[in-house]
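Secondary and tertiary structure notes
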Amino acid sequence: KAAYEAYIGQMLGLIGWADPQANAKAIVEMETRIAQAQWTLAQGRDDVASYNPMTRAELAKAVPGFPWDAWFEAAEMGQVQRVVVRENTAFPKIAAVFAETPIPVLQAWEAFNLADNAAPFLSKRFADANFGFRGKVISGQQEQRVRWKRAVTATSQAMGEAIGSIYVDQYFPPESKAKMLQLVHDEQTALGHRIENLTWMSPATKKEALDKLAKFRVKIGYPDKWRDYSALEVRDGDLYGNYQRAGAFEWRREMARLNGPVDKDEWGMTPQTVNAYYSPTGNEIVFPAAILQPPFFDPDADPAVNYGAIGAVIGHETTHGFDDQGRQSDGD
């Protein structure tokens, strides 16, 4: 926390903000009050408690004193009339913190956040300051990644599926997808047998569990339809501008989908991501192409090797469908 306060002061100093150390102290005090009002991590994992739909009018009544209309307009959400307020009991307390914080402190807080988010895309002194706190102090990372790797990550975040299509063409053959689908099918069959033979589960619950298992959606490698980035303007020599435009592009893409049908073919990770996930609301397990390489997966290896490696990942993601969060959603 002391290092965080020092970092805020350092960043405010780099942008020439008045009284950087005093403002840093006030910002930490403000954010500490917000943290004390917020839910615990355990509360945040409760999907039932955190699903609190409200109209704009209900939100304004529940959280008075915050300029919600101005906020919605600035976020290009003027047409939105219904929102889900996750931490509903914390919101009034957080709004009170904003109301009670002096305007100069709020301005310094905004300035710090703007500089902090921009720092990786600015000159070396900003990037080094940002890494010194967020990389070293918070993450324990001793050395900053080389510049070309940071550039690849930044580009991948801005236009992930465009990079993903190139990655798939070079590194993910169709036969890998077919073999992976077979592995998933075999593990689901095995899990079905286990559910059927459980001694502690009632027949009614087994029926629901097997129904959910049968309805799992499985996504392997890459999406069937690639995202269109033609509306994203990229300018040579304008790194931070490109970062801003990429953020605005993604936000407007999401805004354009409001009140439309759910796109069940959408992916939450890019193909070049070494990871996997389960989505409770989609009842789907997703395995991007980049994790489907050694040591996790080898299309030419003995099946035992793959069952012991990517098989563990398949089992892990599948059982998320039945854990404390996954169990809140059925097969549909």
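Computed from a predicted model, the values in this text were never measured in an experiment.

1. Some words on the packing of helix α11 (residues 174-196) against helix α15 (residues 310-319)
Contact pair α11 / α15: the axes reach a minimum separation of 10 Å and the direction vectors enclose 55°. Relative to α15, α11 is oriented oblique. Relative to α15, α11 is oriented so that their crossing is right-handed. Residue-level contacts link Met 180, Leu 183, Val 184, Glu 187 and Leu 191 of α11 to Ile 310, Gly 311, Ala 312, Ile 314, Gly 315 and Thr 318 of α15. Split by residue class, the contact of α11 with α15 holds 7 nonpolar, 3 polar and 1 charged.

2. Re the sheet that holds strand β4 (residues 277-279)
What holds strands together in a sheet is hydrogen bonding between their backbones, with the strands either parallel or antiparallel. On the basis of which strands lie adjacent, the open sheet formed by 3 strands has the order β3-β5-β4 and mixed pairing. Of all strands in the sheet, those bounded by a partner on one side alone are β3 (217-221) and β4. Direction aside, neighbouring strands of the sheet carry axes that sit 15° apart on average. Where β4 and strand β5 (residues 284-288) come together, 3 bridges link them in antiparallel fashion. Directly across from Ser 279, in β5, lies its bridge partner Glu 284. Running over the sheet, α11 touches β3 and β5 and is turned about 150° from β3.

3. Points about the packing of helix α2 (residues 20-37) against helix α7 (residues 103-118)
Helix-helix packing is characterised by the crossing angle of the two axes and by the distance between the axes. Contact pair α2 / α7: the axes reach a minimum separation of 9 Å and the direction vectors enclose 90°. Overall, the two elements α2 and α7 adopt an arrangement that is roughly perpendicular. On the side of α2, the interface is formed by Asn 23, Ala 26, Ile 27, Met 30 and Glu 31, while α7 contributes Pro 104, Val 105, Leu 106, Ala 108, Trp 109, Phe 112 and Asn 113. Within the contact of α2 with α7, the residues separate by chemical class into 9 nonpolar, 2 polar and 1 charged.

4. Notes on the side chain of Glu 161
Counting through the fold element by element, Glu 161 comes out in helix α10 (residues 160-171). In contact with Glu 161, other than residues within four places in its own chain, are Pro 223, Lys 225, Trp 226, Arg 227, Tyr 229 and Thr 270.

5. Remarks on the packing of aromatic side chains
Applying the stated criterion across every chain yields a total of 19 aromatic pairs. Note on Trp 71 and Phe 72: the rings are 5.2 Å apart at their centroids and 85° apart in plane angle, and the pair reads as edge-to-face. Here Phe 98 and Trp 109 contribute two aromatic rings whose centre-to-centre distance is 5.5 Å and whose plane-to-plane angle is 80°, an arrangement assigned as edge-to-face. Of this pair, Phe 98 sits in helix α6 (residues 91-100) while Trp 109 sits in helix α7, placing them 11 residues apart in sequence. The class for Phe 98 is partly exposed, based on a relative accessible area of 22%. Each member of the aromatic cluster is reached from another via a ring pair, and the members are Phe 66, Trp 68, Trp 71, Phe 72, Phe 91, Phe 98 and Trp 109. A cation sits over an aromatic face here: Lys 177 above Tyr 222, 4.4 Å from the ring centre. A cation over an aromatic ring shows up here: Lys 212 above the ring of Phe 322, its NZ or CZ 5.8 Å from the ring centre.

What counts as what
- Residues numbered from 1 in each chain as written.
- Predicted model: local features only at pLDDT ≥ 70, side-chain atom pairs only at ≥ 80, totals over all residues.
- Heavy atoms only, no water.
- Axes fitted to C-alpha atoms, helices over the stretch in contact; angles between N-to-C directions.
- Helix = DSSP H or I, 4+ residues; strand = E, 2+ residues; numbered from the N terminus.
- Parallel < 35°, antiparallel > 145°, perpendicular 65-115°, else oblique.
- Left-handed = near helix turned anticlockwise from the far one by under 90°.
- Contact = heavy atoms within 4.5 Å.
- Nonpolar A, V, L, I, M, F, W, Y, C, P; charged D, E, K, R; others polar.
- Pairing = 2+ DSSP bridges.
- Phe/Tyr/Trp six-rings, centres within 6.5 Å; stacked < 30°, edge-to-face > 60°.
- Buried < 20%, exposed > 50% of the residue type's maximum accessible area, 1.4 Å probe, protein only.
- Lys NZ or Arg CZ within 6 Å of the ring centre and 35° of its normal.

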